[in-house]
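Residues per chain, in single letters:
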Amino acid sequence: MVTFCLERTPPLSPGETWRRLTEWPRHGGAVPLTRVTVLTPAPTGAGTRFVARTGLGPLGFDDPMEVTLWRPPGGGEPGLCRLEKRGRVILGRAEIEVRQDPGGRTRVRWREELRVRFLPALFDPLLDRAARAVFGRAVDGLLRRP
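Values in this document were obtained by computation on a predicted structure and should not be read as measured data.

Parameters and conventions
- Residues numbered from 1 in each chain as written.
- Predicted model: local features only at pLDDT ≥ 70, side-chain atom pairs only at ≥ 80, totals over all residues.
- Heavy atoms only, no water.
- Phe/Tyr/Trp six-rings, centres within 6.5 Å; stacked < 30°, edge-to-face > 60°.
- Helix = DSSP H or I, 4+ residues; strand = E, 2+ residues; numbered from the N terminus.
- Buried < 20%, exposed > 50% of the residue type's maximum accessible area, 1.4 Å probe, protein only.
- Polar contact = N/O pair within 3.5 Å; in protein donor to acceptor, adjacent residues only side chain to side chain.
- Contact = heavy atoms within 4.5 Å.

Novice: Would you mind going over the packing of aromatic side chains in detail, with residue names and values included?
Specialist: Scanning the model with the defined rule gives four aromatic pairs in all. Centroid distance W24 to F50: 4.7 Å. Interplanar angle 15°. Geometry classified as stacked. Of this pair, W24 sits in the loop between α1 (14-22) and α2 (27-30) while F50 sits in strand β3 (residues 49-56), and the two are 26 residues apart along the sequence. Since its relative accessible area comes to 2%, W24 is described here as buried. Taking the relative accessible area as the measure of exposure, F50 reaches 3% and is therefore buried. Relative to F135, the ring of W110 has its centre 6.2 Å away and its plane inclined at 45°; by these criteria the two rings are tilted. Taken together, the residues span a long stretch of sequence, with W110 in strand β7 (residues 106-116) and F135 in helix α3 (residues 124-144) at a distance of 25 residues. On the accessibility criterion, F135 (18% relative accessible area) is buried. Members of the aromatic cluster, each reached through a chain of ring pairs, are F4, W110 and F135.

Novice: Describe the side chain of T34, and please don't skip the residues or the numbers.
Specialist: In this fold, T34 is placed in strand β2 (residues 34-38). A relative accessible area of 12% places T34 in the buried class. Reaching out from T34, the side chain makes a polar contact with the backbone oxygen of P32 at a distance of 3.0 Å. Sequence-distant contacts of T34, defined by excluding residues within four places in its chain, comprise G28, A52, R53 and T54.

Geometry only, nothing functional implied.
Here it is as structure tokens:
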């Protein structure tokens, strides 16, 4: 299992930052060769399920996820969203935290525990580098685009 944490300080309010990071279909535009389908009715909250399908045509894999904690930022409190990855290939969890620092800047902390089934631990360093690059690029893209 690979565990990593990404931090960003976007020039956005906590509410706008939260919106951009938790509109699940937008993730498909930020991750190459991926589309996201939400399986449960709006609004998003604990129990929301969605699938990220990555691949070309019939060659690919599904990454089904469920929101297990949903607490948007508000009233000076940080926002926190937890996702469980429940796929046949990708397993683990993610946590998205959005808070306002004392200086007024919004801070994002994206923590991920990731395991690829059937991939030996020998490949964890490579998986760690690849995941940091892909998720870092995705977070940056989501925060840049309205």
